[in-house]
Each structure stands twice: as C-alpha cells, then as structure tokens.
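Examining the three-dimensional arrangement
In case you want the letters, here they are:
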Amino acid sequence: MATFDIPGDDDALRSALEDVNLPTLLMVLTQFAGDDRWLSDRYKPDPIMVPEGELFPDDTGNYSDEVAVEIRDAALGLIRTLRDEGAELPQAPSKERMQQMMEFSTAESVDADFCSMLLEETRFVDRDESWKKLLRQVSEEKRRDFQVIVVGAGMSGICTGIKLKEAGISFTILEKNDAVGGTWYENTYPDCGVDTPNHFYSYSFERNPNWSGYFSKRDELHSYFEHCVDKYGLRENISLSSEVRKMRLLSATGRWEVTVADSNGDESTLSANAVVSAVGQLNRPVVPEFPGLDEFEGEAFHSARWRHDVSLAGKRVGVIGTGCSAVQLVPKTADVASHLTVFQRTPHWIAPNKDYYRPVEPGLLWALNHLPLYAEWHRARMIFSFMDRNWGAVPADPDWEQPETAMNQANNDLREGLVSYISEQLGDKQALMDVCVPDFPVFGKRLIVDNNWYQAMARDDVSLTDSSIVRFTSTGIETADGTSHEFDAVIFATGFNTNRFLWPMEVVGTSGTSLDARWGNYPQAYKGILVPDYPNMFCLYGPNTNIVHGGSIIYNTECQVNYVMQCLSLMLSRDSSTLEIPQAAADEYNEEVQSISETLAWGHPGVQSWYKNSEGKVVNNSPFSNLEYWARTHDVEPNRYLMQ
Ligand code: NAP
C-alpha cells in the first residue's frame, strides 16, 4: 500500500479541482478504477479543437455541468482515499489500454505507435531499458573504464550526462561558457522564452510540475537546467570555461584525442573512447558584413549577446531581422525606445496565441504536484495536441493548384486564417499588409508565436521597412530607397552560423580529413547522429534534426540520446573499440532525407532560410514527423555498423 502526500483540506481540494482538465482527470480515475466504468458514452468528451485565433486547444471536453460535477466529485472521493487511507498505485497501461484510453480522452483515433511513444514520454514504460539490457552483460569496472567526452552543457549535453551517469559510464562534459544551460544561458534579450508548451518542453524523466507559465521565460528555463545538473549530480563531471578546439581520432586505438582551451587560452589534451557533440545549431551568432559597419558610432550588438550595460531607454533603436529572436525582443524594446525601426528582409508567418503569457492556474499546479498520475496524462494529451497535429499541412499535394503559396488544402487554410489575423492586428495600418504577409507557404519557416508583433508594427513610434540595407554610416543605416535612418543603437537579430555544424571545432577522422572539409556546404549524418570515417563520434541536434512544424526539440534530443546510449552499450557489450556507420548506409539515408525534404514546406523553392545550404538543400531540418523520428531512433541496428 502506497501513501501519498496530499496537502489541503476538502475545500482546498474542491477548489483545485475547478482548475484541472476533466478529460485528463477522467484518465486518472480510469487508471485507478482499473475498469471501463469511466469510459462510457456518458463521459465521452467533445473532440479537442483549436478555437479560431488561439494556439492552445480547447480540450475541456465540453461536459454538461451535471457530468462535470460528477467527475469532480468522484475525483474528490479518490483523492480523499489516497490522502486518508493510501492505495496501491495502479499498473502502467498496456499499449492497447493506452490506445483505448487516449482515443476515449481525445475523441479521435490515435495511432498504436503513437501510444508506444507516449508510454515512454510519460515514463509508464522505461525507454532506457533499450540500453540497460545491453549493459547488464557489462561489469561495473568495464563501464567505469570506458570514457566519454561530451562537448557542451546545454540541453543535449545535460541529457547525455544524466544517462551516462545512470549507466555508470565515465564521462566529462566540456563547456565553453562559464555556466551550463547553452541557449538558455546565452540568450538574455527582452522577453526571451520558449515557444513550445513547457510541460512538453522538459525532459520526460524530469517533468517540472512547477512551470509558472505555459510558455516560460529564459530565467525559469535556465534555472530548470541548473536544477537538472544538481539533481543528477553532474557538477563534478562538468568542466566550465573549457572550449574544445580539436578532436582527432587515433586510428591505432580507436580513441579520440580532444584538445581543450581554458579561459586563458591555455590548451590541454584529453582522451576518450567516444565523443558526443552537443554543441547545438544556434549558438555562433552571425553579424552580416554590412559596408561601413565599422564607422557606426552608436552601440551595436547581437540579440544573443545582449548588452545589459547599454540602456535603450529614450534611444533611437534599429533592429535588423524578423526571425523568432527579433519578434520576441521588439515589442518590449519598443516600450522603452523613443523610436524603433525594424529592418525586414523577408516577413515570417506569425501565429496568434492568447495563452502565451498565461500563468499556470493554482489548481493545475496542485494537480501536477500532488495528484498521482495526473502529470502523466497531462503530458500525454499535450503531446497529442502539439506534436504532429500540423504535419498534414507540411507535404506537397501534387494536385494542388497554387503550389507557389501553399503546399496543400490544409496549408492553404492555415494561410488564409493567418492572413485575416494579420489584417485584424494591423488595425488602421492596412498599408503594411503587403510588407507583413509572406509569399512562401506556412511552415516554410518555423511558425513564430505572436507576442504582439503586429500591434508593435502598428505603433506610431515603430517603423517597419523592407527596403534593403545599403550601408552603415557613422550615425545610422542607409537603405536602398534612399532613406538615412539615424540610430543610437542597432541590434542584430540576424541569426546564427547554422550550416557549419560543429564549427569552429576541428574534427579529424580516421582518414585524416577534417569534418568541415568533408562536409563543406553539405553536412549530412546518418539519423543526424553518425558520420562515416568518424567512428565513436555522435552528433546531437546534428544535420537534418531540427523541427519546424511542431513538437519539442527536447523530445528529439531524447530520441537521439537513447540511440547514442544504445550504440555505446553495444560497443561495451561487444568489447569493441570502434563503431562506424558504413558510407553506403549513410548515403542511402541521406538520399531519402533529401528526396523527402524537397516535397516539404521548408524545402519549397520560394523559401530562403537558415535551413538550406547555398545550393538550396535542406541541411538543418528533419524530413520526418516527430513520431517517425522516434521510431527510426528507437532501436539500434547492430548489424548495420562496422565494429572492431
Ligand atoms: P533567424 O531565424 O535566422 O532570423 C534572422 C533574421 O535576420 C531573419 O529575419 C533574416 O532575414 C535576417 N537577416 C539575416 N541576415 C540579414 C541581412 N544580411 N540583412 C537583413 N536581414 C538579415 O534567427 P533568430 O531569430 O535568432 O532565430 C533562430 C532560430 O532560433 C529560430 O528559427 C528558432 O529555431 C530559434 N529561436 C527560438 C525561439 C523560441 O521562442 N523558442 C526564440 C528565438 C530563436 P530572412 O528571414 O530574410 O532570412
């Protein structure tokens, strides 16, 4: 019999239950009941739908007051029992039961594989069993003798460290910054935050029941990763201010030699059986080489290197770029600047989300913390609503008659909804419509969440120009339409060096070739992780793994880390010093990646983006739905690898 820590008297419980989601509560009742009493027509919710103008789905079930009271009363009864008497925690659902319960709870059919994935994402099933079973044959001593170097202590590196620690494998994480957290450490611009719902943007094994908002801001995200480092005891394994400059495979032993520089630039050399690159795709800021930039006498800095020592209050500010970073930082910056001018090269699609700043309700916080199984079903239903629901709007329909502006009917429906939204938001500034509506299909680039961007564009103290930048002068920027814009400060929200994965590290493989030279303009990796000629080297968030249509990049990373852990466990269980993907297998995979990418929204010829190389090939994005990528990284294929 388990006992449960359930704070609050009956009135507090009743009040908390007013905030919780009823179809989710019904799943908790069903799992505790162990039968179908709550799965009858009387309790069937309405299907999940997204009201026009919103991003958060209405998944309340739309119950009558009478049924809602009945469900809440039953939940109160269950909670009282758990609090006062304790109970056995019910078994995890089988795949079939998961499917039955999800289909009931969403009032839609749910794919069986999707349910297998959900069982892992909810931790009803331990996904780590895939590598743990291989490691059972390996002595603790052997695991300790096996050394892994992880490059980067951001979201991917921390995830890897946690799993390596659990596996008993020795490892060091080398981090170039003086703190952990990667993106969430480096980016501190105003209103910096996540645009994936937080209850899904968190590790499956470390759900945070205390997110203050549905889309939290940078400080809270950074604290979450700091918390993970402490909770899983990673501090002793992390070396901060340690920038990896070179990694070289030693063919004689199959080990990697890693050259690392400390904050003074002094170099030392480490060695490891395997290396994991967890350097991310978006952390080497790019400032375009505008003519005259050196002459500018005002302040100038990149969005990812925000200068908190520079006050923008009452200043004339220019912002170059209209990607996610610009959209997030502009409205709050406009609030303090005397005038702000945005320089747009291409408009992006920006979607409404009235829940963007919504705090998590106290009752939901209570349920996520104290009601057993609630957090699991909450996550499952959130993944159902946010992960691949938009995938249908991504691939080209060969019979679609306006392929220049949309991929298919669903994609066109989204376009029309967004165009009306833009028009509504611009109010009496309809003249800006031509400047604000993209000509490429929705999902050609990641849909940006609106944080009052169009309202900011409609302000009298904000100007939006799409005239191209000709040059900087000592006092500002000249544009092609002949205008001289005067500024006290210019912010470059111009993105990152994205196509040179792992750069500026020099990575040298078996044949002595550097990875940068091998890849050139066209980085490619098997499953985004492994590269021929670079055995025992694993990339996280490598080529063709970025997601655009929906989902959480943490989910993708967990898929990759699971695969990497299986590869390492395979090496250990077979006493192998190397594990390498053959060229033919990598080529076959990449041909598939490219042939699919051409048919997807982000491969559309009208899209110019950081996802593509200079030849127009998509090198950053995954061509798969999130479910498909989970399936493809779920089980290592031992016979596919060259192992010695
Ligand atoms: P970005 O998407 O690459 O946007 C860079 C912007 O600068 C684009 O508007 C680009 O124009 C413009 N630009 C680049 N070079 C220029 C030039 N020479 N002249 C004029 N304009 C130029 O960079 P980002 O906004 O930093 O976002 C990068 C990625 O980070 C995003 O795609 C997203 O994945 C991630 N991100 C996520 C969040 C979040 O909320 N989760 C927040 C920020 C960033 P074009 O559009 O014409 O190329």
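Residues numbered from 1 in each chain as written. Predicted model: local features only at pLDDT ≥ 70, side-chain atom pairs only at ≥ 80, totals over all residues. Heavy atoms only, no water.

When helices and strands are tallied, the protein shows 20 helices and 21 strands. When contacts within the protein are restricted to residue pairs at least 6 apart in sequence, long-range pairs at least 24 apart make up 73% of them. Carbon and sulfur atoms make up 47% of the accessible area of the protein, which totals about 25400 Å². Looking at charge distribution, the protein has the averaged site of its 55 positive side-chain charges lying 5 Å from that of its 95 negative ones. (Helix = DSSP H or I, 4+ residues; strand = E, 2+ residues; numbered from the N terminus. Contact = heavy atoms within 4.5 Å. Areas by Shrake-Rupley, 256 points an atom, 1.4 Å probe, with all protein chains shown as cover. Lys, Arg positive; Asp, Glu negative; His and termini not counted. Charge placed at Lys NZ, Arg CZ, Asp CG, Glu CD.)

This part takes up the sheet that holds strand β2 (residues 170-174). Taken together, the 5 strands give an open sheet; going across it, the order is β3-β2-β1-β7-β19, and neighbouring strands pair in parallel fashion. In this open sheet, the two strands that pair with only one neighbour each are β3 (238-239) and β19 (537-539). Sheet topology places β2 next to β3; 2 bridges connect them, and they run parallel. From the neighbouring strand, Leu174 faces β3, where its bridge partner is Ser239. This element, helix α8 (residues 155-167), spans β1 (147-151), β2 and β7 (274-277) of the sheet and lies at about 165° to β2. (Pairing = 2+ DSSP bridges. Axes fitted to C-alpha atoms, helices over the stretch in contact; angles between N-to-C directions.)

Once that is clear, we can look at the domain arrangement of the protein. If you check the domain split of the protein, you get domain 1 (10-110 + 363-386), domain 2 (143-284 + 498-643) and domain 3 (293-349 + 411-492). At the interface, 22 residues of domain 2 touch 21 residues of domain 3. Taking the shortest distance from any N to any O, the salt bridge between Glu186 and Arg305 comes out at 3.5 Å. Taken together, the links from domain 2 to domain 3 amount to 10 residue pairs in polar contact (both at pLDDT 80 or more). Looking at the side of domain 2 that touches domain 3, its residues break down into 9 nonpolar, 10 polar and 3 charged. (Domains from an automatic or database assignment. Salt bridge = Lys/Arg side-chain N within 4 Å of Asp/Glu carboxyl O. Polar contact = N/O pair within 3.5 Å; in protein donor to acceptor, adjacent residues only side chain to side chain. Nonpolar A, V, L, I, M, F, W, Y, C, P; charged D, E, K, R; others polar.)

What follows covers the sheet that holds strand β16 (residues 484-486). Pairing is antiparallel in the open sheet, where 3 strands are placed in the order β14-β15-β16. The sheet is open, and its two edges are formed by β14 (469-472) and β16, each paired on a single side. Going from strand to strand, the sheet's axes swing by 25° on average, the running direction of each strand aside. Two elements, strand β15 (residues 476-479) and β16, share 3 bridges in a ladder whose sense is antiparallel. In the strand pairing of β16, Glu478 is matched with Ser484.

Within strand β9 (residues 316-320), 4 of the 5 residues are buried, which leaves the element mostly enclosed by the surrounding structure. Where β9 and strand β10 (residues 339-343) come together, 5 bridges link them in parallel fashion. Bridging from a neighbouring strand, Ile320 pairs with Phe343 of β10. Taken together, β9, helix α11 (residues 324-336) and β10 form a β-α-β motif whose crossover is right-handed. Across 4 bridges, β9 lies against strand β17 (residues 489-492) in parallel orientation. Bridging across to β17, Val317 finds its partner in Ala489. (Buried < 20%, exposed > 50% of the residue type's maximum accessible area, 1.4 Å probe, protein only. Right-handed = clockwise from strand over helix to strand, strands pointing away.)

Now for the site of the ligand. Near the ligand you find 24 residues, and of these Thr322, Ser325, Gln328, Thr346 and Lys445 are the closest. In this structure, an oxygen atom belonging to the ligand sits 3.0 Å away from a main-chain N or O atom of Gly193. Gly323 places a main-chain nitrogen or oxygen 3.4 Å from an oxygen atom of the ligand. Across the complex, the protein chains shield 84% of the 910 Å² of accessible surface that the ligand would expose by itself. Of all the elements, α11 adds the most residues to the shell around the ligand, at 3 residues. By residue class, the composition of the shell around the ligand is 10 nonpolar, 10 polar and 4 charged. Split by domain, the residues of the shell around the ligand number at least three in each of domain 2 (143-284 + 498-643) and domain 3 (293-349 + 411-492). (Near = heavy atom within 4 Å.)

Right, let's talk about empty space enclosed by the protein for a bit. Enumeration according to the criterion identifies 4 cavities of 30 Å³ or more in this entry. Approximately 60 Å³ is the volume attributed to the largest cavity. Around the largest cavity, the lining residues are Arg123, Arg127, Asp128, Trp131, Cys159, Lys163, Ser204, Phe205, Glu558, Val561 and Asn562. Looking at the lining of the largest cavity, the elements with two or more residues in it are α8 and α18 (553-573). Computed from the structure, the second largest cavity encloses a volume of approximately 50 Å³. As for the second largest cavity, its lining consists of Thr322, Gln344, Pro347, His348, Ile350, Cys436, Trp453 and Tyr454. (1 Å grid on protein atoms, 1.4 Å probe; cavity = no way out; pocket = protein on both sides within 12 Å on 5 of 7 lines; lining within 4 Å. Points joined across faces, edges and corners; volume = space filled by probe spheres on them.)

So, on to the pattern of salt bridges. In total, this model carries 47 salt bridges according to the counting rule given. Note that Arg379 and Glu121 form a salt bridge whose closest N and O atoms lie 2.8 Å from each other. Residue Arg379 is located in helix α13 (residues 374-386), and its partner Glu121 is located in helix α5 (residues 112-121); the two are separated by 258 residues in the primary sequence. Owing to a relative accessible area of 2%, Arg379 belongs among the buried residues under this scheme. The shortest N-O distance in the salt bridge between Glu186 and Lys176 comes to 2.6 Å.

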